[in-house]
Amino acid sequence: MSMKTPLTIRLCNPRGFCAGVDRAIQIVVLALKKYGAPVYVRHEIVHNKYVVEGLEAKGAIFVEELDEIPAEHHSQPVVFSAHGVPKSVPADAEQRNLFYLDATCPLVSKVHKQAMRHERQGRHVLLIGHAGHPEVIGTMGQLPEGSVTLVETEADAMAIQPNDPDALGFVTQTTLSVDDTDGIIRVLKQRFPNIQAPAAESICYATTNRQEAVKYAAPGTDLFLVVGAPNSSNSKRLVEVAERAGAKRSMLVQRADDIPWGEIGDISVLGLSAGASAPELIVDEIINAFRDRFEVTVELAVTAEETENFPVNRVLRDVELTAADMAFVNGNA
């Protein structure tokens with residue numbers, strides 16, 4: 001019998017589901033229990049294929065736009081995703097007499113409010129974020145056309161020419177790289193000394209915590225895996241953070257099958273984390289896939305303890321979830 005090579009897996013904690021994702025998934029599950037199928041969801045509720053398919057199996061139907069909902073289902077609920085939506089979307093829902101439940105993460109809603117506050121106080125808003133991401137579309141859609149400019153890079157921050165350099169405020173997408181964002185903000189503050197920061201940090205606690213844990217675990221790893229979807233901003237940032245912090249190579253994987261087993265080569269230390277919309281079940285699946293091939297020791301790389309919990313919409317608070325429902329909501333089933 002051939003001996004398996006020893007492998008240490010440094011498992012990051014915190015990792016995986018954040019309170020906003022947890023709440024969004026719970027809202028869809030509770031709506032299905034209370035109102036029955038179908039429950040419509042505008043855009044992926046969270047950026048994870050496994051979660052989306054699990055909800056589809058329970059009776060959720062995902063649409064990109066509200067006009068895809070057939071007239072005979074207008075009394076069924078439609079849920080807005082955790083990333084937030086432009087103001088035009090609830091207005092459109094009301095016009096169509098749709099019953100909607102907003103699952104926007106409270107920390108994204110907080111960024112919306114900060115952007116609106118800047119605008120109310122006569123400032124042009126600079127939004128630091130990634131073009132085309134649903135959260136950026138949602139935040140820009142809180143404000144009148146022309147009152148917000150997207151800044152993606154330090155080069156953008158160097159290039160913008162605002163009408164009034166003394167009347168500026170900035171906010172950021174919640175899922176950015178903390179270090180990249182600091183660099184952009186530094187440039188903006190040098191160029192526009194009177195720029196106003198948001199009242200509170202825009203990058204959310206979960207993004208920051210997951211990046212800190214990866215920074216702590218990455219040095220000396222031969223390979224660093226981040227469980228997450230290719231369209232998940234916070235997951236892609238973790239891959240970059242791992243490389244910068246000293247992992248020899250890092251990659252994003254959705255499932256154990258995605259791991260290029262033939263190319264891994266000789267590794268003795270593996271880093272492992274998961275983006276905020278990746279279920280714990282897949283982390284377990286990946287650890288087990290390594291156990292099949294290596295003699296695995298798991299070390300926890302713990303940098304914070306998360307206790308955040310966001311309550312669901314009031315109309316859903318009378319619904320009881322079973323243990324099986326809770327396991328799904330928490331990413332364990």
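Residues numbered from 1 in each chain as written. Predicted model: local features only at pLDDT ≥ 70, side-chain atom pairs only at ≥ 80, totals over all residues. Heavy atoms only, no water.

### Some details on the sheet that holds strand S10 (residues 250-253)
So, point 1. Read from one edge of the open sheet, 5 strands run S10-S9-S11-S1-S12, paired in parallel fashion. Two strands lie at the open edges of the sheet, namely S10 and strand S12 (294-302), each paired on one side alone. Between one strand and the next, the sheet's axes are offset by a mean angle of 25°, whatever the strand orientation.
So, point 2. Alignment of strand S1 (residues 5-13) against strand S11 (residues 269-274), held across 4 bridges, turns out to be parallel. When the bridges of S11 are listed, Leu11 appears paired with Leu272.
So, point 3. Contacts from helix H8 (residues 205-217) reach S1, strand S9 (223-227), S11 and S12 within the one sheet, and its direction differs from that of S1 by about 150°.
So, point 4. Here helix H9 (residues 233-244) sits on the sheet and contacts S9, S10 and S11; the angle it forms with S10, its principal contact strand, is near 160°. (Pairing = 2+ DSSP bridges. Helix = DSSP H or I, 4+ residues; strand = E, 2+ residues; numbered from the N terminus. Axes fitted to C-alpha atoms, helices over the stretch in contact; angles between N-to-C directions. Contact = heavy atoms within 4.5 Å.)

### Here we look at the pattern of salt bridges
So, point 1. Tallying each qualifying case throughout the model produces 13 salt bridges.
So, point 2. In this structure, Arg244 and Asp180 form a salt bridge, with 2.9 Å as the shortest nitrogen-oxygen distance. Pair noted here: Arg244 is in helix H9 and Asp180 is in helix H7 (residues 178-191), with a separation of 64 residues, a long-range link.
So, point 3. Among the salt bridges present, the one from Glu306 reaches Arg210, with a minimum N-O distance of 2.8 Å. Highlighted residues: Glu306 in the loop between S12 and helix H11 (323-329) and Arg210 in helix H8, separated in sequence by 96 residues.
So, point 4. Judged by its relative accessible area of 1%, Arg210 is buried.
So, point 5. Connected through shared salt-bridge partners, Asp179, Glu212 and Lys215 make up one network. (Salt bridge = Lys/Arg side-chain N within 4 Å of Asp/Glu carboxyl O. Buried < 20%, exposed > 50% of the residue type's maximum accessible area, 1.4 Å probe, protein only.)

### Re the packing of helix H1 (residues 19-35) against helix H2 (residues 49-58)
So, point 1. Running from N to C, H1 and H2 cross one another at 10°; their axes reach a closest spacing of 10 Å. When the axes of H1 and H2 are compared, the pair comes out roughly parallel. Facing H1, whose interface residues are Ile25, Val28, Val29 and Leu32, H2 presents Val51, Leu55 and Lys58.
So, point 2. Here the contact of H1 with H2 is built from residues that sort into 6 nonpolar, no polar and 1 charged. (Parallel < 35°, antiparallel > 145°, perpendicular 65-115°, else oblique. Nonpolar A, V, L, I, M, F, W, Y, C, P; charged D, E, K, R; others polar.)

### Here we look at the sheet that holds strand S6 (residues 124-128)
So, point 1. A sheet is described by the order of its strands in space; here 3 strands give the open sequence S7-S6-S8, paired in parallel fashion. Of all the strands in the sheet, the pair left with one neighbour each is strand S7 (148-151) and strand S8 (168-172). For this sheet, the mean angle separating the axes of adjacent strands, direction not counted, is 25°.
So, point 2. Sheet topology places S6 next to S7; 4 bridges connect them, and they run parallel. Across the sheet, residue Leu126 finds its bridge partner in S7, namely Thr149.
So, point 3. Of the strands in this sheet, S6 and S8 touch helix H4 (residues 106-120), which is tilted by about 175° from S8.

### Overview of the side chain of Gln114
So, point 1. Tracing the backbone shows Gln114 in helix H4.
So, point 2. Polar side-chain contacts of Gln114 include one of 3.3 Å to the backbone oxygen of Ala200.
So, point 3. Every residue in contact with Gln114, bar those within four places of it in the chain, is listed here: Val171, Pro198, Ala199, Ala200 and Ser202. (Polar contact = N/O pair within 3.5 Å; in protein donor to acceptor, adjacent residues only side chain to side chain.)

### Some details on the environment of Pro106
So, point 1. Tracing the backbone through its elements, the reader meets Pro106 in helix H4.
So, point 2. Under the relative-accessibility criterion, Pro106 is labelled partly exposed at 29%.
So, point 3. In sequence terms Pro106 and Pro134 are 28 residues apart; their C-alpha atoms lie 15 Å from each other.
So, point 4. Dropping the residues within four chain positions of it, Pro106 is found in contact with Arg23 and Phe310.

### Things to note about helix H3 (residues 88-95)
So, point 1. The set of residues buried in H3 consists of Val89, Pro90 and Ala93. For H3, the buried positions fall inside an angular range of 95° around the axis, keeping them on one side.
So, point 2. Those residues of H3 hidden inside the fold are in contact with strand S2 (39-42), strand S4 (77-80) and strand S5 (99-102). (Arc of directions from axis to C-beta.)

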